[in-house]
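Analysis of the macromolecular model
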Protein chains: 2
Amino acid sequence: MKITNQRNTILKFLKDNQNHPSVEEIFEKVKRTLPRTTKATVYKNLKTLMIHDIIKEVNIKGVSRFEAKIDPHHHIICKNCGKIIDFESEELRNFALQIIGKQKDFTIDSAETNFFGKCNMCDDSK
Amino acid sequence: MKITNQRNTILKFLKDNQNHPSVEEIFEKVKRTLPRTTKATVYKNLKTLMIHDIIKEVNIKGVSRFEAKIDPHHHIICKNCGKIIDFESEELRNFALQIIGKQKDFTIDSAETNFFGKCNMCDDSK
DNA sequence: GTACGTGCAAATGATTTGCGTTAAG
DNA sequence: CTTAACGCAAATCATTTGCACGTAC
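What counts, and where the lines are drawn
- Residues numbered from 1 in each chain as written.
- Chains lettered and ligands numbered in written order.
- Predicted model: local features only at pLDDT ≥ 70, side-chain atom pairs only at ≥ 80, totals over all residues.
- Heavy atoms only, no water.
- Salt bridge = Lys/Arg side-chain N within 4 Å of Asp/Glu carboxyl O.
- Helix = DSSP H or I, 4+ residues; strand = E, 2+ residues; numbered from the N terminus.
- Buried < 20%, exposed > 50% of the residue type's maximum accessible area, 1.4 Å probe, protein only.
- Near = heavy atom within 4 Å.
- Polar contact = N/O pair within 3.5 Å; in protein donor to acceptor, adjacent residues only side chain to side chain.
- Nonpolar A, V, L, I, M, F, W, Y, C, P; charged D, E, K, R; others polar.
- Expected span 1.5 Å × (residues − 1).
- Arc of directions from axis to C-beta.
- Contact = heavy atoms within 4.5 Å.
- Domains from an automatic or database assignment.
- Buried area = accessible area lost by both parts, 1.4 Å probe.

With respect to the pattern of salt bridges
Residue and element names in this part refer to chain B. Going through the model one piece at a time under the given rule, you end up with 12 salt bridges over all chains. Ionic pairing is found between Arg65 and Glu25, a salt bridge with its closest N-O pair at 3.5 Å. A residue pair is termed long-range when its members are at least 10 positions apart, and Arg65 in strand S2 (residues 63-68) and Glu25 in helix H2 (residues 23-33) qualify at 40 residues. Residue Arg65 is classed as buried on the basis of its relative accessible area of 18%. Relative accessible area serves as the criterion here: at 37%, Glu25 is assigned to the partly exposed category. Lys69 is the salt-bridge partner of Asp53, the closest N and O atoms lying 2.9 Å from each other.

Topic: the environment of Ala40 of chain A
Residue and element names in this part refer to chain A. Secondary-structure assignment places Ala40 in helix H3 (residues 39-51). Judged by relative accessible area, which is 40%, Ala40 ranks as partly exposed. The spatial distance from the C-alpha of Ala40 to the C-alpha of Phe27 is 9.5 Å, given a sequence separation of 13 residues.

Side note on the protein's contact with DNA strand C
Close to DNA strand C lie 20 residues, the nearest being Arg7, Arg36 and Lys44 of chain A together with Tyr43 and Lys47 of chain B. The sugar-phosphate backbone supplies 71% of the atoms of DNA strand C found within 4 Å of the protein. At 2.8 Å, a side-chain N or O of Thr4 of chain A approaches a phosphate oxygen of DNA strand C. Here a phosphate oxygen of DNA strand C sits 3.2 Å away from a polar atom, N or O, in the main chain of Ile3 of chain B. Secondary structure elements with two or more residues in the surface near DNA strand C: helix H1 (5-16) and H3 of chain A together with helix H3 (39-51) of chain B. Residue composition of the surface near DNA strand C, grouped by class: six nonpolar, seven polar and seven charged.

Looking at H3 of chain A
Residues and elements named next belong to chain A. With 13 residues, H3 should reach 18 Å at 1.5 Å per residue; the first-to-last C-alpha distance of 18 Å fits that figure. For H3, the full list of buried residues reads Val42, Asn45, Leu46 and Leu49. All buried residues of H3 fall inside an arc of 100° around its axis, so they share one side. Exposed residues on H3 whose side chains face more than 90 degrees from its buried face are Lys44, Lys47 and Ile51. Buried positions along H3 lie against H1, helix H2 (23-33), strand S1 (55-60) and strand S2 (63-68). Looking one or two places after H3, you find Asp53, whose phi comes out positive at around 65°.

Overview of the domain arrangement of chain A
For an interface, size is often stated in terms of accessible area lost upon the parts coming together. Residues and elements named next belong to chain A. Considered domain by domain, chain A is made up of domain 1 (5-67) and domain 2 (74-117). The C-alpha-based centres of domain 1 and domain 2 are spaced at 24 Å. Each partner contributes to the interface: domain 1 provides eight residues, whereas domain 2 provides 10 residues. Around 650 Å² of area is buried between domain 1 and domain 2 when both sides are counted, 52% of it from carbon and sulfur atoms. Looking at the side of domain 1 facing domain 2, the largest losses of area belong to His20, Ile60 and Lys61, adding up to 60% of the total buried there. Joining domain 1 to domain 2, the criterion identifies one salt bridge. For Glu112, the salt bridge identified is with Lys56, shortest N-O distance 2.3 Å. Scanning the region where domain 1 abuts domain 2 turns up six residue pairs in polar contact (both at pLDDT 80 or more). Every element with two or more residues in the side of domain 1 that touches domain 2 is listed here: S1 and S2. Ranked by the residues each element gives to the side of domain 1 that touches domain 2, the list is headed by S1, at three residues. Each residue belonging to the side of domain 1 that touches domain 2 can be placed in one class, and the counts come to two nonpolar, two polar and four charged.

This is how it looks when you write it as structure tokens:
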């Protein structure tokens, strides 16, 4: 895999942002430094980076969002606005894997928990 | 919300199938009994049923799939073919909610774990 | 120098919308 | 009767593709 400016910019952006940006947001960011960049290039790069297991896609409320692949972690998702933040807990992951144990139809190698609720911005009671 | 043949067929299909069918699969099923049905109708119904919290959408490898909303549960997903099966564990859910505790930026009300691996069909080592 | 990446435009595929007609309550 | 749902075609939106040209290595 070659290291190009476009590719580097995308990856750096994802590493600096725990925001799980959408394709649109990534595209806007890259264009700021490399104005001739097109969405097709962004899509191609995201795909390549995913194939090489460097980034990961998460789908929130029908929108594709991306994160630089760091240690396994969980997500807290706002059911209203789609905001998503990371939550680390190896303990939870181990508990999940232990509780599921051996499955006759599946060989399981990872577990991730999604927490759903409302962020403070969307929570009317606050 | 009116009860129509199309709507009923979709809902019954989802209740009878733990397969998490895609829009295409649901459409094919409905057409068998009600041949004039179009995809637009299927989409409209899926949206309506979701708004009324009767069904739920899950996105697997970029494909929208649907399930009749039953008790909260977890998913086991094949990273290769996208096959998905349900896994019940109130214990896991409670553990997750307990471990996350109070969050300053979020009011959390549910937790669901996704397990990833390979199903027997896709697992070469079997 | 060669293969991979980029930029562009066109193609595809999924989902939505508008609107006249039909059917549920 | 009245309003929501249906069926159809057209529109929109996200994502992919093909290809000529550029650039990393």
